[in-house]
Amino acid sequence: MTLPSWPYPRWVAHRGAGKLAPENTLAAFRLGASHGFRMFECDVKLSADGVPFLMHDATLERTTNGTGLGGDQPWGALAQLDAGSWHSRAYAGEPLPSFENIAHYCLRNGHALNIEIKPTPGVEEHTGRVVADHAARLWQGQAVPPLLTSFRPESLAGAQAAQPQLPRGLLLDTLWKGWLETALSLDCVALVCNHALWDTSTVTQAQAAGLRTLSYTVNDEWAAERLIALGTDGIITDRVDLFSPMA
Ligand code: G3P
Ligand code: CA
């Protein structure tokens, strides 16, 4: 798939507002937006009854007051959890957001979204399908679709099967054997790499294949300057307080 032109801003706020607010919550998105960010990255997985919601880890302990696998609980139980107290008292009681809530927030405010499909282990392909179906429904008729990314090719394959028109990006933490061929076979529009993986050679390979080049998680000015000089397209950062997305 090729997008007519790249519709996304260069700067993307990681998990809403990096570490300044509880990750993957609406409060974080609001804080990132207050710093001028107009595109956000978030992690999406499925509840036991198939509702997409935002959380990074497979388990609830680090970022909520729940226990066990998030994917083992129905949305009705997950929606009662406190996803803010772990961060600071100011955010006590902040709920886990459903993907639908975050989608509405982004759409109403004209923000772009990078949805990282972060499946509970064992349901990779299914999660990709369900998240893509919800994204297609929620963004129907919108000029700028969400960018679906995943470290898991099975999840991208599920998204491709369900909603082939939605743009996809392969996340890479290492350049494992077959990375470029896999991205092309999944008809991706982008590679989203650990920023250290980008150099003249990898950028040239990606661009020659027609792929956009994005990086995570870039928290230092020297690293951002290097990536911009290399001609890459997007930077995902925790440091919503350091970088000016209007620059
Ligand atoms: O999507 C980029 C980045 O978020 C991937 O790493 O572990 O922060 O989800 P992680
Ligand atoms: Ca992520």
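Shown above is the structure to which this text applies.
Before going into details, it helps to say that this report is about the structure given with it. (Residues numbered from 1 in each chain as written. Chains lettered and ligands numbered in written order. Predicted model: local features only at pLDDT ≥ 70, side-chain atom pairs only at ≥ 80, totals over all residues. Heavy atoms only, no water.)

Some details on the site of ligand 1
Alright, step 1. The full set of residues close to ligand 1 is H14, R15, E41, D43, H56, E116, K118, F151, L171 and Y216.
Alright, step 2. One of the side-chain N or O atoms of E41 is found 2.9 Å from an oxygen atom in ligand 1.
Alright, step 3. In the complex, 90% of the free accessible area of ligand 1, which totals 290 Å², lies under the protein chains.
Alright, step 4. Of the residues that constitute the shell around ligand 1, the class distribution is three nonpolar, two polar and five charged. (Near = heavy atom within 4 Å. Polar contact = N/O pair within 3.5 Å; in protein donor to acceptor, adjacent residues only side chain to side chain. Areas by Shrake-Rupley, 256 points an atom, 1.4 Å probe, with all protein chains shown as cover. Nonpolar A, V, L, I, M, F, W, Y, C, P; charged D, E, K, R; others polar.)

Quick notes on the coordination of the calcium ion (ligand 2)
Four donors placed tetrahedrally around a metal ideally meet at 109.5 degrees, and six donors placed octahedrally ideally meet at 90 or 180 degrees.
Alright, step 1. Surrounding the calcium ion (ligand 2) are the protein donor atoms E41 (OE), D43 (OD) and E116 (OE), at 2.1 to 2.3 Å.
Alright, step 2. Counting residues between consecutive donors of the calcium ion (ligand 2) along the chain gives the motif E-x1-D-x72-E.
Alright, step 3. The exposure class of E41 is buried, given its relative accessible area of 3%. (Donors = N, O, S within 2.8 Å, 3.2 Å for Na, K, Ca; no water. Buried < 20%, exposed > 50% of the residue type's maximum accessible area, 1.4 Å probe, protein only.)

Here's the deal with the pattern of salt bridges
Alright, step 1. Taken as a whole and assessed by the stated rule, the structure comprises twelve salt bridges.
Alright, step 2. Taking the shortest distance from any N to any O, the salt bridge between R15 and E23 comes out at 3.0 Å.
Alright, step 3. Overall, the relative accessible area of 17% leaves R15 in the buried class.
Alright, step 4. Residue classification places E23 among the buried positions, given a relative accessible area of 10%.
Alright, step 5. We note a salt bridge from D57 to R62, for which the minimum N-O separation is 2.8 Å.
Alright, step 6. For D57, a relative accessible area of 16% puts it in the buried group.
Alright, step 7. Classification of R62 by relative accessible area gives partly exposed; the value is 36%.
Alright, step 8. Salt bridges sharing partners connect three or more residues here, namely R15, E23, D43, D57 and R62. (Salt bridge = Lys/Arg side-chain N within 4 Å of Asp/Glu carboxyl O.)

Some points on the packing of aromatic side chains
Alright, step 1. Scanning all chains against the criterion turns up seven aromatic pairs.
Alright, step 2. Ring geometry for W11 against F243: centres 4.7 Å apart, planes inclined by 25°, an arrangement best described as stacked. Taken together, the positions of W11 in strand 1 (residues 11-13) and F243 in the segment after strand 9 (234-237) put the pair 232 residues apart, joining distant regions of the chain.
Alright, step 3. Residue classification places F243 among the buried positions, given a relative accessible area of 8%.
Alright, step 4. Taken together, a centroid distance of 6.2 Å and an interplanar angle of 25° make the contact between F99 and W139 stacked. Of this pair, F99 sits in helix 3 (residues 99-109) while W139 sits in the loop between helix 4 (124-138) and strand 5 (147-150), and the two are 40 residues apart along the sequence. (Phe/Tyr/Trp six-rings, centres within 6.5 Å; stacked < 30°, edge-to-face > 60°. Helix = DSSP H or I, 4+ residues; strand = E, 2+ residues; numbered from the N terminus.)

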